Amino acid sequence: MPEGHVIHRLARELNRDFSEAPLHVSSPQGRFRTEAELLDAHPLAAAEAWGKHLFIDFDTDRPEHIVHIHLGLIGKLQINPLAEPVGEVRFRMATDELAADLRGPQWCRLITDGERDAAIDKLGGDPLREDSDPDATWMRLRRASRSIGALLMDQKLFAGVGNIYRAETLFRQGISPFTSAKMLDRGEFDAIWSDLSELMRDGVDVGRIDTVRPEHTPEAMGREPRKDDHGGEVYVYRRTGQPCYVCGTPISETVMEGRNLFWCEACQPSP
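First things first, this report covers the structure right here in the doc.

Criteria and thresholds
Residues numbered from 1 in each chain as written. Predicted model: local features only at pLDDT ≥ 70, side-chain atom pairs only at ≥ 80, totals over all residues. Heavy atoms only, no water. Helix = DSSP H or I, 4+ residues; strand = E, 2+ residues; numbered from the N terminus. Buried < 20%, exposed > 50% of the residue type's maximum accessible area, 1.4 Å probe, protein only. Arc of directions from axis to C-beta. Contact = heavy atoms within 4.5 Å. Phe/Tyr/Trp six-rings, centres within 6.5 Å; stacked < 30°, edge-to-face > 60°. Lys NZ or Arg CZ within 6 Å of the ring centre and 35° of its normal. Pairing = 2+ DSSP bridges. Axes fitted to C-alpha atoms, helices over the stretch in contact; angles between N-to-C directions. Salt bridge = Lys/Arg side-chain N within 4 Å of Asp/Glu carboxyl O. Patch = residues over 30% accessible without salt bridge, like charges linked within 9 Å, V, L, I, M, F, W, Y side chains within 5 Å. Areas by Shrake-Rupley, 256 points an atom, 1.4 Å probe, with all protein chains shown as cover. Lys, Arg positive; Asp, Glu negative; His and termini not counted. Charge placed at Lys NZ, Arg CZ, Asp CG, Glu CD.

Considering unusual backbone geometry
Okay, so step 1: Of note, the phi angle at R238 is positive, near 55°, even though the residue is not glycine.
Okay, so step 2: Here R238 is to be found in the loop between α8 (218-221) and β9 (252-256).
Okay, so step 3: For R238, a relative accessible area of 36% puts it in the partly exposed group.
Okay, so step 4: The residue E257 is not glycine, and still its phi comes out positive at about 50°.
Okay, so step 5: Following the sequence through the fold, E257 ends up in the loop between β9 and β10 (259-263).
Okay, so step 6: Owing to a relative accessible area of 55%, E257 belongs among the exposed residues under this scheme.

This is the structure:
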């Protein structure tokens, strides 16, 4: 599932490429045809991301004027030069030069302002948003009984954080994923939040997840670049059994609440 940086990057690209004129809106697949007809020939007001949710606001006089998209596990929203749609395109918005095509989303809905607010109210703080309140996340974290490794994947607490950012941030901070959230102090929480914000902003800018510090890049260490479908240079994610770049200990893997978890037992000692 795409992590939050992907959605924020998409929102930035949509605002850059599709906000100057009324758009051609359609549903080549047909499942969003009625809603698309209501939006056709209207301009884009703004696209914004909150966690893994994308909201595309159209400038219409209708109460339902926001396309709410969640990509889920297989969904993709791709911007390409205008051409005939290929595959099952649920939702398309196009200029005379470009088309943004949505395929395979978990959902694509036409909603109102109130419904958008209700959806956002269910989400936790987004480290990529300046209007997120880390104090509120901290207070909720202090009342939780689960481990920090589990809670970092809880979208009601950390909107947009996924499995890669979970594993990498905890490694970079030297915190065991099995540490109870109640055992963290405020300094440790602030370091986690700050690191997430930094790493995810970099992900928005470059379009991939890189988490290794300068001294651990392939060039600095004289090693081969990482080869993985997910791309990017990381410390522990999907490196099971390989030596830690910091201490040489083989990276460990287990399952936590249904998701694969990666960590270094030496750099992230159990509490």
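Let's talk about helix α3 (residues 113-121)
Okay, so step 1: Turning to α3, its buried residues number three or more, namely R116, A119 and I120. Buried residues of α3, viewed axially, fall in a sector of 95°; they line one side.
Okay, so step 2: Where α3 is buried, its residues touch β2 (44-50), β3 (53-58), β4 (66-70) and β8 (107-111).

Here we look at the packing of aromatic side chains
Okay, so step 1: Under the defined criterion, the tally for this structure stands at nine aromatic pairs.
Okay, so step 2: Ring centres of W138 and F189 lie 5.4 Å apart, and the angle between their planes is 40°; on these two criteria the pair is classed as tilted. With W138 in helix α4 (residues 134-142) and F189 in helix α7 (residues 186-206), this residue pair connects regions lying 51 residues apart in the sequence.
Okay, so step 3: For F189, a relative accessible area of 1% puts it in the buried group.
Okay, so step 4: Ring centres of F178 and W263 lie 5.0 Å apart, and the angle between their planes is 80°; this geometry places the pair in the edge-to-face category. Here W263 lies in strand β10 and F178 lies in the loop between α6 (163-172) and α7, a separation of 85 residues in the sequence.
Okay, so step 5: By way of ring pairs, the aromatic residues W138, F158, F189 and W193 are connected into one cluster.
Okay, so step 6: One residue, R239, lies across the ring of Y245, its end atom 3.9 Å from the ring centre.

Considerations on the sheet that holds strand β7 (residues 98-103)
Okay, so step 1: Overall, antiparallel pairing links the four strands, which are arranged β1-β6-β7-β5 in an open sheet. Every other strand in the sheet has two partners, leaving β1 (24-26) and β5 (76-81) as the edge strands with one partner each. The average angle at which neighbouring strand axes cross in this sheet is 15°, direction not considered.
Okay, so step 2: Note: β5 against β7, six bridges, orientation antiparallel. Across the sheet, residue L77 finds its bridge partner in β7, namely L102.

Concerning the sheet that holds β4
Okay, so step 1: Ordered by their spatial adjacency, four strands build an open sheet running β2-β3-β4-β8, and the pairing between neighbours is antiparallel. Edge positions in the sheet fall to β2 and β8, since each has one partner strand and no second. If you compare each strand with its neighbour and ignore which way they point, the axes differ by 15° on average.
Okay, so step 2: For β3 and β4, the ladder comprises five bridges, and the chain directions are antiparallel.

A closer look at the side chain of E13
Okay, so step 1: Residue position: E13 is located in helix α1 (residues 4-17).
Okay, so step 2: Accessibility expressed as a relative area gives 18% for E13, which makes it buried.
Okay, so step 3: When near neighbours in sequence (up to four residues on either side) are disregarded, E13 contacts F18 and I79.

Considerations on the pairing of β7
Okay, so step 1: Here strand β6 (residues 89-94) pairs with β7 via five bridges, running antiparallel. Bridged to R92 within β7 is D101.
Okay, so step 2: Linking β6 back to β7 in an antiparallel pair, the connection comprises three residues.

Observations concerning the pattern of salt bridges
Side-chain pairing between opposite charges can occur once the charged atoms of the two side chains come close.
Okay, so step 1: This structure, assessed with the given rule, holds 21 salt bridges.
Okay, so step 2: Residue R146 pairs with D154 through a salt bridge whose shortest N-O separation is 3.3 Å.
Okay, so step 3: Several salt bridges share partner residues, and in doing so they unite E48, D57, D113, R116, R129 and D131 into one network.

Focus on the pairing of β9
Okay, so step 1: Sheet topology note: the β9/β10 ladder contains five bridges and is antiparallel. Bridge pairing in β10 places V255 opposite N260.
Okay, so step 2: Between β9 and β10, which pair antiparallel one after the other, the connecting turn spans two residues, and E257 there sits at a positive phi close to 50°.

A few points about a positive patch on the surface
Okay, so step 1: Side chains of R109, K122, R140, R143 and K156 sit close together on the surface and give a patch of like positive charge.
Okay, so step 2: As for its placement among the helices and strands, K122 is situated in the loop between α3 and α4.

These figures capture arrangement, not role.
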